[in-house]
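# A closer look at the structure
Letter by letter, the chains look like this.
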Amino acid sequence: MSIRLLKKVLKEQEQRLQQEEEEDAEEESPNAGVAANPFDLLNHGDDDEDVHDDEAEQENDSDITDGPFMRDADKQENVMKSGAGVVSTSNQRSKKKKKKKCKAGLSPSTNQVEKPLDESLETLSLDVDSSRDQPGPTKTKSENARRHEEYVKQNSPSILQVDSKCLNPENELKRIFGSKVVKSFEKSNQASSSRQVRGGRRGSHYARKTILITPSEHWPRWDGSLSMEYLESRDGFHYFRYVHASPYDQAQRAFEAAKAVHDLNGIASVMVYHPYHLDSLITMADYFKFVGEQQMSADAIAKCLYALECAWHPMFTPLQGNCQLKITHETNKPLFTTLFMHMKNMDKRGCHRSALEVCKLLLSLDADDPMGAMFCIDYFALRAEEYAWLEQFSEEYKSDNSIWLFPNFSYSLAICRYYLEQQETSREDCGGATRATSVDLMKQALMLHPSVLKKLVVKVPLKDRAWTSILKHNIFRSEKTGSPSLDHLINIYVERSYIIWRLPDMQKLLRDTAVQVLETLEHSSSDAKDWACVRKEAFSSENNEYGHLLVSDFSDVVPTLPPENLQNFMIDPRMREAEQNVDLVINPQNNIPAPRDVANRNALAVLFESMLPWVNYGDGEHGGANEGDQVNGHGPHNEH
């Protein structure tokens, strides 16, 4: 009999003994009726698999020839394995006994464990009875719910959230005219702009990517003269302000000195050394606008926006509508002026959706609305065909008065509802029954602000004969309301939105509704008195609260000045008449500017100055300037 067969016999005997001992242990255990753990079956299966694996290995090894050395080695291995087998089997028995004892010990306590679980589930229920027993946790739950609601309100998207894709006017132009037309136009501009690159080092310069505008390749590198600091967080808003570096302060003092004497040459010299000085760029943008160079004016404003955006704080996220830059800080004023001018430039280019996004950004930066964005945002929304957004804005935006009381919104919401009704004709809208119709809103607007009608008839103009009979009625006859603030807002609305009323559909809506208003007043004249009371309560101030907003700022007319008055364009329009006498003292001799000397001056500054129409370099009688005039070709008859 070989050694391998002995191994098999011994192992079979050990397995039989192990099974008998396990059966005896189960009979002796007091919890014999408890069901066996199914995981023990897995352990038995593992043991059987191990046995079968050993047998397979032994059968494979039996093919090997038995030598004297192999036999001795096999004997030693058998001895070691038999000892190990005895130890392993004893360990397995002890482990299984321990497992069974643990199961037997836990089994009677399962019912006790289930009871506290049920009780704990009852305590966690949200019933009223359970809340009486535990007043502390319910209070914390209610407080947490309130905090959660406040958190949701603060973190909900603002109605003034800006779409960054729509800020780029190129995207809107591609949508209107097609990408091929826009690309061909860009190529022609690139060929012309490459010639405008200034001299100097022509190394590779990559401008920073910005959101508000797309910087040009030939612009100077950002000098870092501006920065922004974080002030505080309050009521869900983060407050910031701009900070000037010391070189910027020096440039600001030089600008103020040049502005005091109306010296554009001094402003040009400031821009030579500080190309991103904001006030100088804004002044030159105004000048280029007055002389008819609209593209150069827009380029100067774009440089301002580029500098202002490069200085943004990492926490400054204005597109989300949760950041505030109060205009009370002097360093924040250039941003509001620049955004307002950029918005008007977008409107002139026909990019009304881009203008709407800029207007939303302008309104979100300061809740006080210092630039009057509230009185043109409805116009841009209508021109961009964002009718649903305009209605949502009128419902969600918070202001001191109800937003429909303003003359621009009272009429714009009626127009908005008219176009939404046109869109809803093809589909049924469940919410349409609860909303007022466009005719009702137009009646409300005409009763609340009847003086708008006569001004629209003159401004549009409306030449239908029916208007003459309509304007003869007492309610539409007067152009004044008795409130300076309301009269000013009506003038702004008519100047800004009169072009919308040139559409035939709008004229028909306005005419038909005006006729219905006259018919209702014939039956009940008290309605006019009621609306007059509402108007007086809404605009009760005797002073013009919106006097800081100029009507000309909301006009599409490009302002122009004669050459002899261009030197006063840096002055506030309100102060131009008051400064005429001062200007006569500075420039005597029938308001002829004094001749300028060109000796020892920057050639670029002199070249720029020579383009200005009021600059005089003197004639031959002025000895010092004669030579310079002849060299530069600026004699008395060569004035530009």
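Position numbers for residues count from 1 along each chain, tracking the sequence in the order it is written. For a predicted model such as this one, the threshold for reporting local features is a pLDDT of at least 70, and the threshold for listing and counting side-chain atom pairs is 80 or more; totals across whole chains, interfaces and linings nevertheless cover every residue. Only hydrogens and water are set aside when side-chain values are computed; all heavy atoms of the structure are taken into account.

The protein chain carries the name Transcription factor 25 in an unreviewed UniProt entry, which gives Rhizophora mucronata as its organism.

For our purposes a nonpolar core is just a set of buried Ala, Val, Leu, Ile, Met, Phe, Trp, Tyr and Cys residues, chained together by side-chain atoms within 4.5 Å. Under the scheme applied here, a residue whose accessible area is under 20% of the maximum for its type counts as buried, over 50% as exposed, and between as partly exposed, the area being computed with a 1.4 Å probe on protein chains only. Among the nonpolar cores identified, the biggest contains 113 residues, and L339, F393, L446, L453, F476, W501 and L510 are the most heavily contacted of them. Ranked by residue count, the leading element in this core is helix α13 (residues 294–310), at nine residues. Both of domain 1 (166–182 + 208–360 + 551–581) and domain 2 (373–425 + 435–548) provide at least three residues apiece to this core. Residues count as neighbours in contact if any of their non-hydrogen atoms are within 4.5 Å of one another. Beyond its immediate sequence surroundings of up to four residues, F393 is in contact with I159, L160, L363, M374, I377, I403 and F409. Membership of the second largest hydrophobic core comes to seven residues, among which are F255, A258, I267 and Y287. Numbering goes from the N terminus for both helices and strands, where a helix is a DSSP run of H or I of at least four residues and a strand is a run of E of at least two. Note that the domain bounds were set by an automatic or database domain assignment.

Okay, a nonpolar patch on the surface next. A contiguous nonpolar surface patch, about 290 Å² in accessible area, is contributed by I176, F177 and V181. Examined against the element boundaries, V181 turns out to sit in helix α9 (residues 179–193). Residue V181 is classed as partly exposed on the basis of its relative accessible area, which comes to 47%. Each patch is built from salt-bridge-free residues with over 30% relative accessible area, joining like charges within 9 Å and nonpolar side chains (Val, Leu, Ile, Met, Phe, Trp, Tyr) within 5 Å. Accessible areas in this description were obtained via Shrake-Rupley with a 1.4 Å probe; residue shielding takes into account the shown protein chains only. The working definition used for a salt bridge is a side-chain nitrogen of Lys or Arg within 4 Å of a carboxyl oxygen of Asp or Glu.

A few words on the packing of aromatic side chains. Here a pair means two rings of Phe, Tyr or Trp (six-membered ring of Trp) with centres within 6.5 Å. Their orientation is stacked below 30 degrees between planes, edge-to-face above 60, and tilted elsewhere. Scanning all chains against the criterion turns up 19 aromatic pairs. Ring centres 5.9 Å apart and planes at 65° place the aromatic pair W222 and Y276 in the edge-to-face group. Taken together, the residues W222 in the loop between α9 and β1 (226–234) and Y276 in the loop between α11 (264–273) and α12 (278–290) connect sequence positions 54 residues apart. Taken together, a centroid distance of 5.2 Å and an interplanar angle of 70° make the contact between W312 and F316 edge-to-face. An identical accessibility class is assigned to W312 and F316; each is buried.

Another point: the sheet that holds strand β2 (residues 237–244). A sheet is described by the order of its strands in space; here three strands give the open sequence β1-β2-β3, paired in mixed fashion. Each edge of the sheet is formed by a strand with only one pairing partner; in this case those strands are β1 and β3 (323–324). Two strands pair when backbone bridges link them, and β2 and β3 are joined in this way by two bridges, in the parallel orientation. Across the sheet, Y239 pairs through a bridge with Q324, a residue of β3. Whether two strands pair depends on DSSP finding at least two bridges between them.

Working convention: axes come from line fits to C-alpha atoms, limited for helices to the stretch in contact. Angles between N-to-C directions cover 0 to 180 degrees. With their axes 8 Å apart at the nearest point, helix α18 (residues 407–424) and helix α23 (residues 484–497) run at an angle of 45° to one another. Compared by their axis directions, α18 and α23 come out oblique. On α23, the residues touching P407, N408, Y411 and S412 of α18 are L486, L489, I490 and Y493. Residues are grouped as follows: Ala, Val, Leu, Ile, Met, Phe, Trp, Tyr, Cys and Pro are nonpolar; Asp, Glu, Lys and Arg are charged; every other residue, Gly included, is polar. The residue makeup of the contact of α18 with α23, split by class, is six nonpolar, two polar and no charged. For this classification, under 35 degrees means roughly parallel, over 145 means roughly antiparallel, 65 to 115 means roughly perpendicular, and everything else is oblique.

This next bit is on the confidence of the model for the protein chain. How sure the predictor is of each residue is captured by pLDDT, a score from 0 to 100. Within the protein chain, residue pLDDT values average 76, and 62% of them lie at 70 or more. Confidence, expressed as mean pLDDT per element, reaches its minimum in the protein chain at helix α26 (residues 580–586) with 39 and its maximum at helix α16 (residues 377–383) with 97. A low-confidence stretch, residues 55–115 stays under pLDDT 50, and its non-local contacts, those more than four residues away or across chains, total 31 contacts. With pLDDT under 50 throughout, residues 120–136 is counted as low confidence; its partners more than four residues away or in other chains account for five contacts.

So, about helix α8 (residues 169–177). The complete set of buried residues in α8 reads P169, E172 and L173. Buried positions in α8, seen along its axis, are confined to an arc of 100° and lie on one side of it. Residues adjacent in sequence count toward polar contacts only when both atoms are side-chain atoms; beyond that, a polar contact is any pair of N or O atoms within 3.5 Å, and within protein one must be able to donate a hydrogen and the other to accept it. The backbone nitrogen of E170 has a side-chain oxygen 3.2 Å away, supplied by the residue at the start of α8, namely N168. Where α8 terminates, the next one or two residues include G178, which has phi positive at roughly 100°. An arc is given here, and it is the one of the directions from the helix axis to the C-beta atoms.

Another aspect to go through is the environment of T317. With respect to the helices and strands, the residue T317 is situated in the loop between α13 and β3. C-alpha separation for the pair T317 and H238, spaced 79 residues apart in sequence, amounts to 9.1 Å. In this view, T317 contacts N322 and C323; residues no more than four positions away in its chain are not counted. A polar atom in the side chain of T317 sits 3.3 Å from the side chain of N322.

Pairing geometry for β1 and β2, over eight bridges, is antiparallel. From the neighbouring strand, M228 faces β2, where its bridge partner is Y242. Here β1 folds back onto β2, and the loop between the two strands holds two residues, one of which, D235, carries a positive phi near 60°.

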